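Each chain, written out:
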Amino acid sequence: MKIGVCYYPEHWPESRWALDAKHMTDLGISMVRVGEFAWSRLEPAAGYYQFDWLQRAIDTLHNAGLKVILGTPTATPPAWLIKNNPDMLAVDEHGQMRGFGSRRHYCFSSEPYRRECERIVTALAKHFGEHPAICAWQTDNEYGCHDTTISYSESALAAFQHWCSTKYNGIEALNLAWGNVFWSMEYKTFEEIGVPVGTVTESNPAHRLAYWRFSSEQIKTFNKLQVDILRQHSPGRDIVHNFMGNFIDFDHFDVADDLDVASWDNYPLGFLTRDGTDASDQQTYLRTGHPDSSSFHHDLYRSCGKGRMWLMEQQPGPVNWAPFNPSPLPGMVRLWGWEAFAHGAEVVSYFRYRQAPFAQEQMHAGLCLPDGIDDDAAREVKTLGEEIKLLAGIDTNMQQASIALLFDYAGDQAARIQQPGGQNYDPLVFTQRIYSVLRQLGVSVDLVSSAAKLDNYKLIVMSNCTVSDTALSNKLAKCDAQVIMFPRTGSKTAECSIPDQLPPGVFQNLIDIKVTRVETLPNAIRMTTNNQATVVDWRERIEANFPAEDVFDDGWGFHYRNSRIHYINACPDRQTLLALLAARLDECNIPYVDLGPGLRVAVRGKLAMAFNYGPNPVTLSDHLLKHYGFSEKTGFSLGQPALKPADIGAWRTN
Ligand code: GAL
């Protein structure tokens, strides 16, 4: 378990570098990410490379015993490059070209820009590839950040038309697949296809899903270009990208497939106020972040990275970009670091070393203040480093969980593209609610792609597998896990139409039911069944030749079951989900313990850790400790049973 930091030597006088490096090592830091936004300094004019300053910076870090993650600077093409290639800029949904003056202004489909990227990445890889300090490369920075996955530029359109011509066997096949006979949307040639925005009313869902898939593949090939160059010139180094939490606008599994490690950027307080957390949770967890937001992403990216996950950027204090930017509760910077390790992170790296006194992020905290003095985070990081040493010798190999929660990026999109009203139903928020309930029940969860192997799971949960997927259905038929499908499972074809046999499409092979009607519910409406199950947001009417487990007042059934296969045809609220999922855990013989709202426990190999996200102190009960294999003989490795808010405890499991 290593601690890292993001550092920008180009922002500071060279005379400070050695002092900074020394201070980093004093804080227990051993890895430093540099370079990802430095293009204008690395190549101030076309072909005029200036690598000597970065060489000196990396040497300085190396001399202090630090390892370096070098970022490729392709998120920040400099002004001269734009001037030479004005068509490389991305275009937003209103047809507005993205301007120069911040970052991520490029279009993934611009061939001239791809060639520029190849050039700078090759030059950097050749120069620094064998440097003994370089242990990893980061490609670009946060693909998709600032809503930049999808571009509607002319290059993107041409690439999309070509993409369509390779995916469909002729334009007639595309017309048929998309249902273009509707509203006379038929094309005669691939060149007539446009971008799916700027239409009078909504554009065709099939067109939108195709554009989403195309854009996602553009990121994959853009990233792969860099990966291939880096592998060639810098063998033996890990290649990483830093994904951003709560981004669903491209397939992260697909992009991560070409990497050695999936890393991600965690801003728990930013996410809390920005991303769909309900109002009362926002209040309770204002200074801690939601108890299940960080771990959701750790588990997701561990699986994107096929077991290898790093945290590349961890929030150190208030950020500058969310609607509200509160200060974290003292202890949280340490807690977030520990929690990442407990969910399998190999590295936890903080953003950023020193707060910048200039430009866009001057209101964003760092480990140190702009004057160089330690801020709160520096002290907490130092504590974390000291504590890591205390756990040496404990087996921390991650084990497969008993529960798989499938995560399907295309499925999330297919659900998102067409929702008849029902603004409250958000597929990502719903998936996170299910995850959160399972975590409250104290169990470990693997978040896996629907293409993953599903052997040896006892319980498989599907909340955003919207696409009727034969391979997945066959896999589920062969395993012996209990399977829970939530609403909208299999409700669309790969072309975003309703499947011929009606939802849940091909999953009818597992449970013989048919969704014949869906309704979306306004905010204040909660519907209750005979057995007091409460549902919100979304409900489906089912036709089946066997009775439901439960019934609503109006006669619609709730919860259909065919032996080990369950179909839950509405969105249960949190209480109902707790009961539903606990019943499945009982049946699957998965031991659990209800931890309540703010306490969480994670297990990594023989290490168990408890985290108090709640506003009140808690004491870990004997029952809980016994459940997680605590032994009086070995006792606590860190902390003790009484946990103040933002505190942690750790013990070796027997
Ligand atoms: C991330 C980004 C960093 C920095 C940070 C601020 O999204 O990768 O470069 O901008 O946000 O919170």
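Owing to the predicted nature of the structure, the values given are computational and were not obtained by experimental measurement. (Residues numbered from 1 in each chain as written. Predicted model: local features only at pLDDT ≥ 70, side-chain atom pairs only at ≥ 80, totals over all residues. Heavy atoms only, no water.)

Side note on the domain arrangement of the protein chain
Okay, step 1: Per the domain assignment, the segments making up the protein chain are domain 1 (155–207), domain 2 (403–587) and domain 3 (599–652).
Okay, step 2: Computed over C-alpha atoms, the centres of domain 1 and domain 3 are 55 Å apart. (Domains from an automatic or database assignment.)

Thoughts on the pairing of strand S4 (residues 134–138)
Remark: a regular strand shows side chains that alternate across the two faces of the sheet.
Okay, step 1: The buried count for S4 comes to four of five residues, which makes it a mostly enclosed element.
Okay, step 2: Summarising the sheet, strand S3 (residues 67–71) and S4 pair through four bridges and their orientation is parallel. Bridged to Ile69 within S4 is Ala136.
Okay, step 3: Direction of pairing for S4 relative to strand S5 (residues 238–244): parallel, over a ladder of three bridges. Bridged to Ala136 within S5 is Asp238. (Buried < 20%, exposed > 50% of the residue type's maximum accessible area, 1.4 Å probe, protein only. Helix = DSSP H or I, 4+ residues; strand = E, 2+ residues; numbered from the N terminus. Pairing = 2+ DSSP bridges.)

Some details on the pattern of salt bridges
Okay, step 1: If you walk through the whole model with that rule in mind, you get 33 salt bridges.
Okay, step 2: Residue Asp228 is joined to Lys224 by a salt bridge in which the shortest nitrogen-to-oxygen separation is 3.2 Å. Of this pair, Asp228 and Lys224 are both found in helix H8 (residues 205–233), four residues apart, which corresponds to roughly one turn of the helix.
Okay, step 3: Overall, Asp228 belongs to the partly exposed group, its relative accessible area being 38%. (Salt bridge = Lys/Arg side-chain N within 4 Å of Asp/Glu carboxyl O.)

Looking at the nonpolar core
Okay, step 1: If you look at the biggest cluster of nonpolar residues, it comprises 151 residues, and the most contacted ones within it are Trp338 and Leu367.
Okay, step 2: Each of domain 2 (403–587) and domain 3 (599–652) contributes no fewer than three residues to this core.
Okay, step 3: Apart from the residues lying within four places of it in its own chain, the contact partners of Trp338 are Met1, Leu384, Glu387, Ile388, Leu391, Met609, Phe611, Leu638 and Ile648.
Okay, step 4: Ranked by size, the runner-up nonpolar core spans 23 residues in total, among them Tyr457, Leu472, Ile511 and Ile513. (Core = buried A, V, L, I, M, F, W, Y, C linked by side-chain atoms within 4.5 Å. Contact = heavy atoms within 4.5 Å.)

Structural notes on the site of the ligand
Okay, step 1: In the vicinity of the ligand, the residues found are Phe37, Arg103, Asn141, Glu142, Met244, Asp265, Tyr267, Glu313, Trp321, Phe351, Glu361 and His364.
Okay, step 2: Arg103 places a polar side-chain atom, nitrogen or oxygen, 2.8 Å from an oxygen atom of the ligand.
Okay, step 3: In this structure, an oxygen atom belonging to the ligand sits 2.5 Å away from a side-chain N or O atom of Glu142.
Okay, step 4: When the free accessible area of the ligand is taken as 310 Å², the share hidden by the protein chains comes to 98%.
Okay, step 5: Of the residues assigned to the shell around the ligand, the class counts are five nonpolar, two polar and five charged. (Near = heavy atom within 4 Å. Polar contact = N/O pair within 3.5 Å; in protein donor to acceptor, adjacent residues only side chain to side chain. Areas by Shrake-Rupley, 256 points an atom, 1.4 Å probe, with all protein chains shown as cover. Nonpolar A, V, L, I, M, F, W, Y, C, P; charged D, E, K, R; others polar.)

Some thoughts on the environment of Gln360
Okay, step 1: Here Gln360 lies in the loop between strand S8 (345–350) and helix H14 (376–390).
Okay, step 2: Separated by 39 residues in the primary sequence, Gln360 and Trp321 place their C-alpha atoms 9.9 Å from one another.
Okay, step 3: Those residues in contact with Gln360 that lie beyond four places of it in its chain are Gly101, Ser102 and Asn320.
Okay, step 4: At 3.3 Å, the side chain of Gln360 forms a polar contact with the backbone oxygen of Gly101.

Quick word on the packing of aromatic side chains
Okay, step 1: Tallied over the full model, the rule gives 42 aromatic pairs.
Okay, step 2: Look at Phe108 and Tyr143: their rings are 5.8 Å apart centre to centre, the planes differ by 65 degrees, and that puts the pair in the edge-to-face class. With Phe108 in the loop between helix H4 (79–84) and helix H5 (111–128) and Tyr143 in the loop between S4 and helix H6 (154–167), this pair connects stretches of sequence that are 35 residues apart.
Okay, step 3: For Phe108, a relative accessible area of 3% translates into the label buried.
Okay, step 4: Note on Tyr143: relative accessible area 1%, which makes it buried.
Okay, step 5: The side chain of Arg354 reaches across the aromatic face of Trp12, ending 4.4 Å from its centre.
Okay, step 6: The ring of Trp556 carries Arg539 above its face, with NZ or CZ at 3.9 Å from the centroid. (Phe/Tyr/Trp six-rings, centres within 6.5 Å; stacked < 30°, edge-to-face > 60°. Lys NZ or Arg CZ within 6 Å of the ring centre and 35° of its normal.)

Here's the deal with the state of the cysteines
Okay, step 1: Applying the stated rule across the entire model yields zero disulfides.
Okay, step 2: Of the cysteine sulfurs around Cys6, a residue in no disulfide, the closest is that of Cys135, at 13 Å.
Okay, step 3: Assessed through its relative accessible area of 1%, Cys6 is described here as buried. (Disulfide = S-S within 2.5 Å.)

With respect to the packing of helix H12 (residues 293–304) against helix H16 (residues 427–440)
Okay, step 1: Viewed as axis vectors pointing N to C, H12 and H16 meet at an angle of 100 degrees, and their least axial separation amounts to 10 Å. Accordingly, the angle class assigned to the pair H12 and H16 is roughly perpendicular. Where H12 abuts H16, its residues Ser295, Phe296, His297 and Asp299 lie against Leu428, Thr431, Gln432, Tyr435 and Arg439.
Okay, step 2: Residue composition of the contact of H12 with H16, by class: three nonpolar, four polar and two charged. (Axes fitted to C-alpha atoms, helices over the stretch in contact; angles between N-to-C directions. Parallel < 35°, antiparallel > 145°, perpendicular 65-115°, else oblique.)

Description of the packing of helix H1 (residues 14–26) against helix H3 (residues 52–63)
Okay, step 1: Across the interface, H1 lies against H3 with an axial gap of 9 Å and an inter-helix angle of 30 degrees. Regarding the angle of H1 to H3, the classification is roughly parallel. Helix-helix and strand crossings are classified by hand; for H1 and H3 the assignment is right-handed. Contacts between H1 and H3 pair Glu14, Trp17, Ala18, Ala21 and Met24 from the former with Trp53, Arg56, Ala57, Thr60 and Leu61 from the latter.
Okay, step 2: The residue inventory of the contact of H1 with H3, partitioned by class, reads seven nonpolar, one polar and two charged. (Left-handed = near helix turned anticlockwise from the far one by under 90°.)

A few points about the sheet that holds strand S12 (residues 482–485)
Okay, step 1: Strand order in the open sheet formed by six strands is S10-S9-S11-S12-S19-S18, with mixed pairing between adjacent strands. A strand with exactly one partner marks an edge of an open sheet, and here the two such strands are strand S10 (445–449) and strand S18 (560–562). Each adjacent strand pair in this sheet contributes to an overall mean axis angle of 20 degrees, direction not counted.
Okay, step 2: In this structure, strand S9 (residues 403–407) lies alongside strand S11 (residues 459–462), joined through four bridges in parallel fashion. Note on S11: the bridge partner recorded for Ile403 is Leu459.
Okay, step 3: With respect to the sheet, H12 is in contact with S9 and S10, its orientation differing from that of S10 by roughly 50 degrees.

Concerning the sheet that holds S8
Okay, step 1: Around the barrel, which closes on itself, the eight strands sit in the order S1-S2-S3-S4-S5-S6-S7-S8 with parallel pairing between neighbours. With strand direction ignored, the average angle separating the axes of adjacent strands in the sheet is 25 degrees.
Okay, step 2: Summarising the sheet, strand S1 (residues 2–6) and strand S2 (residues 31–34) pair through three bridges and their orientation is parallel. Across the sheet, residue Gly4 finds its bridge partner in S2, namely Met31.
Okay, step 3: With respect to the sheet, H3 is in contact with S2, S3 and S4, its orientation differing from that of S3 by roughly 150 degrees.
Okay, step 4: Against the sheet, H12 makes contact with S5, strand S6 (261–266) and strand S7 (309–314), and its axis sits at roughly 160 degrees relative to S6, the strand it touches most.

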